[in-house]
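Okay, here's what each chain looks like letter by letter:
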Amino acid sequence: NLADEADVKIGGVAVPPEGNWFYRGAAQTVTLTPRPGSPLAGLPIAMFCSIKSGLDVANVASAPVFGRAQTTTYSWAVTGHTNSGTFQLRLSGVGMTTEIALVVSKLISSNLVDEADVKIGGAAVPEGGNWFYRDKPQTVTLIPKSDSPLVGLPIALTYEVKSGLDVGNVVSEPAFGSLQTTYSWAVTGNTNSGTFQLALAARGSPVVNYLLPTSKLRSR
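This text gives an overview of the structure that appears in the document. (Residues numbered from 1 in each chain as written. Predicted model: local features only at pLDDT ≥ 70, side-chain atom pairs only at ≥ 80, totals over all residues. Heavy atoms only, no water.)

1. A closer look at the sheet that holds strand S1 (residues 6–10)
Step number 1: Strand order in the open sheet formed by 5 strands is S2-S1-S4-S7-S6, with antiparallel pairing between adjacent strands. Each edge of the open sheet carries a strand with a single partner, namely strand S2 (13–14) and strand S6 (60–63).
Step number 2: Bridge count for S6 against strand S7 (residues 75–80) is 4 bridges, and the pairing is antiparallel. From the neighbouring strand, serine 62 faces S7, where its bridge partner is valine 78. (Pairing = 2+ DSSP bridges. Helix = DSSP H or I, 4+ residues; strand = E, 2+ residues; numbered from the N terminus.)

The following block contains the structure:
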């Protein structure tokens, strides 16, 4: 059983119970490390990939390639491309009867716009932005698209003052900047009138946030 002889990490971290997130075009390194006292080093070991949903075989690549046994450095750079979906990595040693099957990984776009839609007050955000009235909360929701495996990825709502407001004039519950897996925030403006811009950021995303059109806050 390969799991008795070695540990696996992705990006230098143990694989979490919910699996790993991959962003299209961004490689992550999968490493197999023999445990202290194990004579595993030198045994040919290969990594394999099984598509679970939404992807074609060519959408996930590895260097060295999947299926090619390694005997010196047990390290593979895995990169996802083109589509969103799920896949499972497996590591197998020559002559061993039990492989290591990692928790299913999820591949998504680095741009949240490709993975989800945003509504404020239950309606799509208009091109000109939303109107907020002081002391009246509106609910901002992020809704994963039907074919996206986004659910479960921690995401934070943030905002930036554009004009007329102090930083404390707009608040959120849950708080701005706190990562959430339930994608709903009650946003309230108070005290002053002005403009602000909401944005959503996914944990580990290598690109710019999901920016919404500038919102306007005014007195009732």
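Once you've had a look at it, read on.
2. Regarding unusual backbone geometry
Glycine aside, residues mostly have negative phi, and peptide bonds are mostly found in the trans state.
Step number 1: Residue alanine 63 is joined to proline 64 through a cis peptide bond whose omega torsion reads -5°.
Step number 2: As for its position among the elements, proline 64 is in the loop between S6 and S7.
Step number 3: Of note, the amide linkage connecting glutamate 173 to proline 174 takes the cis form, showing an omega dihedral of 0°.
Step number 4: In this structure, threonine 82 takes a positive phi of about 70° despite not being glycine.
Step number 5: Here threonine 82 is to be found in the loop between S7 and strand S8 (85–93).
Step number 6: Owing to a relative accessible area of 55%, threonine 82 belongs among the exposed residues under this scheme.
Step number 7: Phi angles above zero are rare outside glycine, and aspartate 135 is one such case at about 70°. (Buried < 20%, exposed > 50% of the residue type's maximum accessible area, 1.4 Å probe, protein only.)

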